[in-house]
Amino acid sequence: MNELTLNSELKMSSREISKLTNKRHANVKRDILHILDELGFNVLNFEHIYFDARNRKQTEYLLDQELTMTLVSGYSIKLRNKVIKRWMELEQNHRNNNVVSDFLISIDNRMKSLEKMQVQINDRMSQVNLLSDYQSIRAFTSKRGIKLDWKGSVAMARKAMQLCKEKGRDVVKIPDERFGQINSYPVEVLYQLI
């Protein structure tokens, strides 16, 4: 069993060292207490509580790579080799997890960006759909081949405005090259005026 601390520093538990070296956990813990004492470390900084198979509180110690190597340097070559191989495996898994994590974060960010773009597209599409149901007097008449002079356009605009008020329909401002903005009216209202 390997442990990761909150700061993502790799740790190896005394239980895992015990399994890898085929030593009793009590003996591994004794060795750990000895090296921590010799090096002047506070044992409580390495202590971790776990529950055994019978649900009893037990103590294990979590060591970083340096302390693990210091501990097993007193063990046989075969045992040291097992622990070193396990550390290499832990480090590789940790690197792979970071790569996967970074990849998943980038995908999540991209998905959020795409969702925002979709909302913007939907908003624009609803505006386009709204505008396709609305037309200015000039656009409406020219598409239908109706010729109106300036006075006729103003008169039709007044009637369209009045009819929109009566029917509770909105008059929408749209951009115009000559006047900046002009009114556009629902097409069904404009059809009633011809």
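Residues numbered from 1 in each chain as written. Predicted model: local features only at pLDDT ≥ 70, side-chain atom pairs only at ≥ 80, totals over all residues. Heavy atoms only, no water.

1. What to know about the sheet that holds strand 6 (residues 172-176)
Hydrogen bonding along the main chain pairs the strands of a sheet, whether they run parallel or antiparallel. Read across the sheet, three strands follow the order 5-7-6 without closing on themselves; strand pairing throughout is antiparallel. Two strands close off the open sheet at either side, each with one partner strand: strand 5 (134-135) and strand 6. Note: strand 6 against strand 7 (residues 180-186), five bridges, orientation antiparallel. Residue pairing across strands places Ile174 opposite Ile182, the latter belonging to strand 7. (Pairing = 2+ DSSP bridges. Helix = DSSP H or I, 4+ residues; strand = E, 2+ residues; numbered from the N terminus.)

2. Looking at a nonpolar patch on the surface
A surface patch of nonpolar side chains, about 510 Å² in accessible area, is lined by Leu104, Ile107, Met111, Leu114, Met117 and Ile121. Following the sequence through the fold, Ile121 ends up in helix 4 (residues 77-132). (Patch = residues over 30% accessible without salt bridge, like charges linked within 9 Å, V, L, I, M, F, W, Y side chains within 5 Å. Areas by Shrake-Rupley, 256 points an atom, 1.4 Å probe, with all protein chains shown as cover. Salt bridge = Lys/Arg side-chain N within 4 Å of Asp/Glu carboxyl O.)

3. Brief notes about the confidence of the model for the protein
Averaged over every residue, the pLDDT of the protein is 83; the share at 70 or more is 88%. Taken element by element, the protein is modelled with least confidence in strand 1 (residues 2-4), mean pLDDT 39, and with most confidence in strand 4 (residues 57-63), mean pLDDT 95. A low-confidence stretch, residues 1-7 (pLDDT under 50), is modelled with 17 contacts involving residues beyond four sequence positions or located in other chains. (pLDDT = per-residue confidence, 0-100. Contact = heavy atoms within 4.5 Å.)

4. Details of the layout of surface pockets
Approximately 490 Å³ is the volume attributed to the largest pocket. Contributing to the lining of the largest pocket are 21 residues, with Ile137, Arg138, Trp150, Ser153 and Arg178 lying nearest its centre. Elements supplying a minimum of two residues to the lining of the largest pocket: helix 5 (137-143), helix 6 (150-167) and strand 7. Residue contributions to the lining of the largest pocket peak at six residues, all from helix 6. Residue composition of the lining of the largest pocket, by class: 10 nonpolar, five polar and six charged. (1 Å grid on protein atoms, 1.4 Å probe; cavity = no way out; pocket = protein on both sides within 12 Å on 5 of 7 lines; lining within 4 Å. Points joined across faces, edges and corners; volume = space filled by probe spheres on them. Nonpolar A, V, L, I, M, F, W, Y, C, P; charged D, E, K, R; others polar.)

5. With respect to the pattern of salt bridges
Enumeration over the complete set of coordinates arrives at six salt bridges. Among the ionic pairs, Glu16 bridges to Arg86, the shortest N-O distance being 2.2 Å. Of the two residues, Glu16 sits in helix 1 (residues 14-21) while Arg86 sits in helix 4, which places them 70 residues apart along the sequence. For Arg86, a relative accessible area of 13% translates into the label buried. (Buried < 20%, exposed > 50% of the residue type's maximum accessible area, 1.4 Å probe, protein only.)

6. Focus: the nonpolar core
Core analysis: the biggest nonpolar cluster contains 19 residues, and Met12, Ile17, Ile32, Leu63 and Leu71 have the highest contact counts within it. Of all the secondary structure elements, the ones that give two or more residues to this core are strand 2 (10-13), helix 1, helix 2 (25-39), strand 4, helix 3 (65-72) and helix 4. Of all hydrophobic cores here, the second largest spans 11 residues; its members include Ala160, Leu163, Val187 and Leu190. (Core = buried A, V, L, I, M, F, W, Y, C linked by side-chain atoms within 4.5 Å.)

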